[in-house]
Amino acid sequence: MLRKKVSSILFSAALLLNSVSFAAEGMTMNLDKAINLALKNNHSITQSNEDRESARWNLSAIRRQHGLRLTWTSTFNYIGGKYYRPNQDYYAQNHFYYNEDWFSNAELPPYNSDAMNNFSLSFPVYTGGRFENQIEGAGYGLNSADLNMEYVKQNIKYQATEAYYRVLQYNDAIKVQQEAVNFLQSHLENVKIQYEVGTVAKADVLSTEVQLADYKRQLNSAWGDYESAVATLNNIIGLPVDTVLVADDYLDDQPFAMKEEECIEYALEHRPDGIATAYNVKQAQANVNATKSGYRPTVSAHINGYMNGEKPFQTNHSNSEYWQIGVDLQWSIFDNHITDAQVNQAKAEQRKVESQMLQRLDQIKLEVHNAYIAMTTADKNVEIAAHTVSDAETAYAIALVRYTEGVDTNLNVMDAQTKLAQAKNNYFNALYNYNVSRAKLEQVMGVPVNMDVIRYVAAVDEGKTSPQALKESDINQ
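Since this is a predicted model, take the numbers as computed values, not measurements.

About the thresholds
Residues numbered from 1 in each chain as written. Predicted model: local features only at pLDDT ≥ 70, side-chain atom pairs only at ≥ 80, totals over all residues. Heavy atoms only, no water. Helix = DSSP H or I, 4+ residues; strand = E, 2+ residues; numbered from the N terminus. Buried < 20%, exposed > 50% of the residue type's maximum accessible area, 1.4 Å probe, protein only. Contact = heavy atoms within 4.5 Å. Pairing = 2+ DSSP bridges. Axes fitted to C-alpha atoms, helices over the stretch in contact; angles between N-to-C directions. Core = buried A, V, L, I, M, F, W, Y, C linked by side-chain atoms within 4.5 Å. Polar contact = N/O pair within 3.5 Å; in protein donor to acceptor, adjacent residues only side chain to side chain. Salt bridge = Lys/Arg side-chain N within 4 Å of Asp/Glu carboxyl O. Expected span 1.5 Å × (residues − 1). Patch = residues over 30% accessible without salt bridge, like charges linked within 9 Å, V, L, I, M, F, W, Y side chains within 5 Å. Areas by Shrake-Rupley, 256 points an atom, 1.4 Å probe, with all protein chains shown as cover. Lys, Arg positive; Asp, Glu negative; His and termini not counted. Charge placed at Lys NZ, Arg CZ, Asp CG, Glu CD. Parallel < 35°, antiparallel > 145°, perpendicular 65-115°, else oblique. Left-handed = near helix turned anticlockwise from the far one by under 90°. Nonpolar A, V, L, I, M, F, W, Y, C, P; charged D, E, K, R; others polar.

1. Examining the overall build of the protein
Counting its regular elements, the protein contains 12 helices and 6 strands. The buried share among the 477 residues of the protein stands at 40%. Partitioning the intrachain contacts of the protein with sequence separation of at least 6 by distance along the chain shows that 83% fall at a separation of at least 24.

In structure tokens, the structure reads:
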């Protein structure tokens, strides 16, 4: 295949120029290493993990509502006034039964402080299905967070891949421009020799020097693009932006075997964000069921008691110790249709989430379709660019020989060299576009990073908890 032959020639030339392009030592980097660093260091992964932690603790909080609850309330007051320090003259004038011993009677103790401790132990016996459905809904929320975490990882993997391929692309651009500079430098020496012997005009020397200066400018620009691409990659994989990287890969065009219909079917089964929307629908349905608990009674058991005394935990006041145990039944027989309104609101939210799920599935199909078209188009362009490089190589060789023999102009030689450099750049750009579009297709298909989505869903359907489902679906186990 022609493009394989062209690739071999270009890569051999690249190896010869490698010592020129990468004189500075740096960290050796390949695609797998870049992806692993991104998954380890990227802040989006950390944020996604915290979203999952938030969902996990929300589920824990809801579960713990359906259990024993012990509360303690303690108050302490300093008391003054006639009741606790009675005015004897007042009672002498207004109460005929007054006597000196009355104030020492226990019915009216002369204390000036009051400490009270209340204790309550309660347990919800029946909530009309509210707790059960809230727990179920929060569980689906955690499942959705698990899947969204995998989705974020897939996006980060693509970002790291695209950034790494961009580094390879500009690496190749440097080599192409360096090769052009070297070739034109050699040609300039030849032109100068011919000028000295009088076979060419001074204009040939000047025009070659101008063209060489422009090639050097393009080489300098290629270095700038490369350094920016390295900085972007460093940012994605969590390294300091000025870290020097040396890529030990090269762009190729490995074939992709799956058809578009197979890619779409795979995506609908594996895209974690698509499956997450299905759990969002289940969560919304659980919320509807929880809201309907307003139609039903609630039952709870309780134990209440208090202690009252002059100092904390003393019981030396009248009626100073009390406790009770019992059952509370509450049923809102008529709430002016508040529950009806809340249920209808929850149903509207469920219908919205269902629409969002269908929209997401349609979006997945569109993304796969567009990515597949982009990949196949890029693949065809690689083939075309390979033929162009072969033709440009031949045209440049012919122009160089004709000029040396004096039957062609220097302008045609430089034009052939420019077209050759452009053809090589186009070839490497086509390879870059193919590899990036293929990586994009794999991302929108939901090719796993850590989680086998089908195994995760099967584990959840079997009643497994989120940690158990994550463990069973881990493809790195």
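Now that the structure has been shown, we can carry on.
2. Re the sheet that holds strand β2 (residues 69–78)
Across the sheet, which stays open at both edges, the 4 strands sit in the order β2-β3-β5-β6 with antiparallel pairing between neighbours. The sheet is open, and its two edges are formed by β2 and β6 (321–330), each paired on a single side. Strand-to-strand twist across the sheet, computed as the mean angle between neighbouring axes with direction ignored, equals 15 degrees. When strand β3 (residues 113–126) meets strand β5 (residues 298–309), the two strands line up antiparallel, connected through 11 bridges. Bridging from a neighbouring strand, M116 pairs with N308 of β5.

3. Topic: the nonpolar core
Core analysis: the biggest nonpolar cluster contains 75 residues, and Y164, I237 and L441 have the highest contact counts within it. Sorting the residues of this core by element identifies α2 (31–41), α5 (130–196), α6 (202–237), β4 (245–247), α7 (260–270), α9 (338–404) and α10 (410–445) as the ones contributing at least two each. Apart from residues lying up to four places away in sequence, Y164 is in contact with M29, N30, L31, A34, L233, A247, D248 and D249. Listed in part, the 11 residues of the second largest apolar core include Y140, Y279, A459 and A469.

4. Focus: the environment of Q468
Along the chain, Q468 falls in helix α12 (residues 466–473). The class for Q468 is partly exposed, based on a relative accessible area of 40%. In this structure, the C-alpha to C-alpha distance between Q468 and Y456, residues 12 residues apart in sequence, is 8.9 Å.

5. Considerations on the pairing of β6
In terms of residue burial, β6 counts as a barely covered element, since only 0 of its 10 residues are buried. Pairing of β5 with β6 involves 10 bridges; the strand directions are antiparallel. Counterpart to S300 in the pairing with β6 is D328.

6. Notes on α2
Of the positions making up α2, those classed as buried are L31, A34, I35, L37, A38 and L39. Those residues of α2 that are buried lie in contact with β1 (27–29), α3 (43–65), α5 and α6. Sitting at the head of α2, N30 places a side-chain oxygen 3.3 Å from the backbone nitrogen of D32.

7. A look at the pattern of salt bridges
Per the counting criterion, the structure on display carries 17 salt bridges. Between E162 and R166 there is a salt bridge whose closest N-O contact spans 3.6 Å. Of this pair, E162 and R166 both sit in helix α5, 4 residues apart, which is roughly one turn of the helix. A relative accessible area of 21% places E162 in the partly exposed class.

8. Some words on α9
Between its first and last C-alpha atoms α9 spans 95 Å; for 67 residues at 1.5 Å apiece the expected length is 99 Å, and the two agree. Immediately beyond the C-terminal end of α9, within one or two residues, lies G406, with a positive phi of roughly 80 degrees.

9. Focus on a nonpolar patch on the surface
Side chains of L68, F123, V125 and Y126 sit close together on the surface and give an oily, nonpolar patch of about 380 Å² of accessible area. Looking at where F123 falls in the secondary structure, it is placed in strand β3.

10. As for a negative patch on the surface
A cluster of like negative charges, contributed by E261, E262, E265 and E269, occupies part of the molecular surface. By secondary structure assignment, the location of E269 is in helix α7.

11. What to know about the packing of α9 against α10
At a minimum axis separation of 7 Å, α9 and α10 run at an interaxial angle of 160 degrees. It follows from the interaxial angle that α9 and α10 lie roughly antiparallel. For the pair α9 and α10, the sense of crossing is left-handed. By residue class, the composition of the contact of α9 with α10 is 27 nonpolar, 8 polar and 7 charged.

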